[in-house]
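# Structure assessment
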Amino acid sequence: MESVVAIFREPTQAQQALEALKTRGFERDHLGFALGDAVAEDGIAQATGVSPEAGAPGGTGSVIKGAIIGVLGGLVMTVPIWLLLVAVPATRVYSHGGVLGMLFGVIGGAALGGLFGALAGSDHGDYVKLLRTMGVPAAQAERLQAALRSGHTLVIARDPSGARTDEALSLMRRHGALSLEDATGSGQLQSERTGH
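Let us look at the structure shown here. (Residues numbered from 1 in each chain as written. Predicted model: local features only at pLDDT ≥ 70, side-chain atom pairs only at ≥ 80, totals over all residues. Heavy atoms only, no water.)

### Considerations on a nonpolar patch on the surface
Test applied: For patch detection, residues must exceed 30% relative accessible area and be free of salt bridges, and they are connected within 9 Å for like charges or within 5 Å for nonpolar side chains (Val, Leu, Ile, Met, Phe, Trp, Tyr). Areas reported as accessible are Shrake-Rupley estimates using a 1.4 Å probe. Residue values count occlusion only from the protein chains shown. Any carboxyl oxygen of Asp or Glu that lies within 4 Å of a side-chain nitrogen of Lys or Arg is treated as forming a salt bridge with it. Exposure classes here rest on a 1.4 Å probe applied to the protein chains alone. A residue is buried below 20% of its type maximum, exposed above 50%, and partly exposed in between.
Judged by side-chain polarity, Ile64, Ile68, Leu72 and Leu75 come together as a nonpolar surface patch covering roughly 360 Å² of accessible area. Judged by its relative accessible area of 51%, Ile64 is exposed.

### Notes on the packing of helix 1 (residues 11-23) against helix 2 (residues 38-48)
Helix-helix packing is characterised by the crossing angle of the two axes and by the distance between the axes. Short version of the rule: With axes taken as lines fitted to C-alpha atoms, and helix axes fitted only over the stretch in contact, angles between N-to-C directions fall between 0 and 180 degrees. Helix and strand definitions follow DSSP, with helices as H or I runs of at least four residues and strands as E runs of at least two, each counted in order from the N terminus. Here is the rule for angles: anything less than 35 degrees is roughly parallel, anything more than 145 is roughly antiparallel, 65 through 115 is roughly perpendicular, and the remaining ranges are oblique. We call a crossing left-handed when the near helix sits turned anticlockwise from the far one by less than a right angle, and right-handed when that turn is clockwise. Contacts are assigned to residue pairs that have any heavy atoms within 4.5 Å of one another. Throughout this entry, Asp, Glu, Lys and Arg are counted as charged residues, while Ala, Val, Leu, Ile, Met, Phe, Trp, Tyr, Cys and Pro are counted as nonpolar. The remaining residues, Gly among them, count as polar.
Taken N-terminus to C-terminus, the directions of helix 1 and helix 2 make an angle of 20°; their axes are 10 Å apart at the nearest point. Taken together, helix 1 and helix 2 sit at an angle that is classed as roughly parallel. Viewed along their axes, helix 1 and helix 2 form a crossing whose handedness is right-handed. Note on element contacts: helix 2 touches helix 1 through Ala40, Ile44, Ala47 and Thr48, opposite Pro11, Gln15, Leu18, Glu19 and Lys22. Along the lines of polarity and charge, the residues of the contact of helix 1 with helix 2 split into five nonpolar, two polar and two charged.

The values are spatial; any link to function lies outside them.
Written out as structure tokens, the structure is:
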């Protein structure tokens, strides 16, 4: 199966591209889209009958990233207090308690960060993983996800036979598909044809 992935500046452009693809005979089951605005996403889904595309779950990477951010947050909140305890002569006696405070800040930050990372990673928001499974190179998948996070709309057309991918790409470009450099600041064509 081959897929065509395109990014659009406006949800209305993506909706028009999806309608054009359906008119040309692409089945709704082979089309997908994603954007950050839940209201606009629901509007496009209702207008076109195409289901929004869910990204892959974040997995353990989200937990580790959350834990690291939690540790850093714990340190940011506790180290300045400990430095004040050490710097002020009258409070130096409490500096050992400040060390324990830092330790608990790090442990608590890691635990809470890991928990929130797990919760955030379960929301099917990792489009890099999804695009990688479709054959999109890692660098382009990351730029596409960055464009999606910055408010653009992602449209995916899958072609089981691989015979109509050029037609899908042409239709998407005709309806305003951007290049990656227009959407994220650097890169090549954002509308990409991928094999799977």
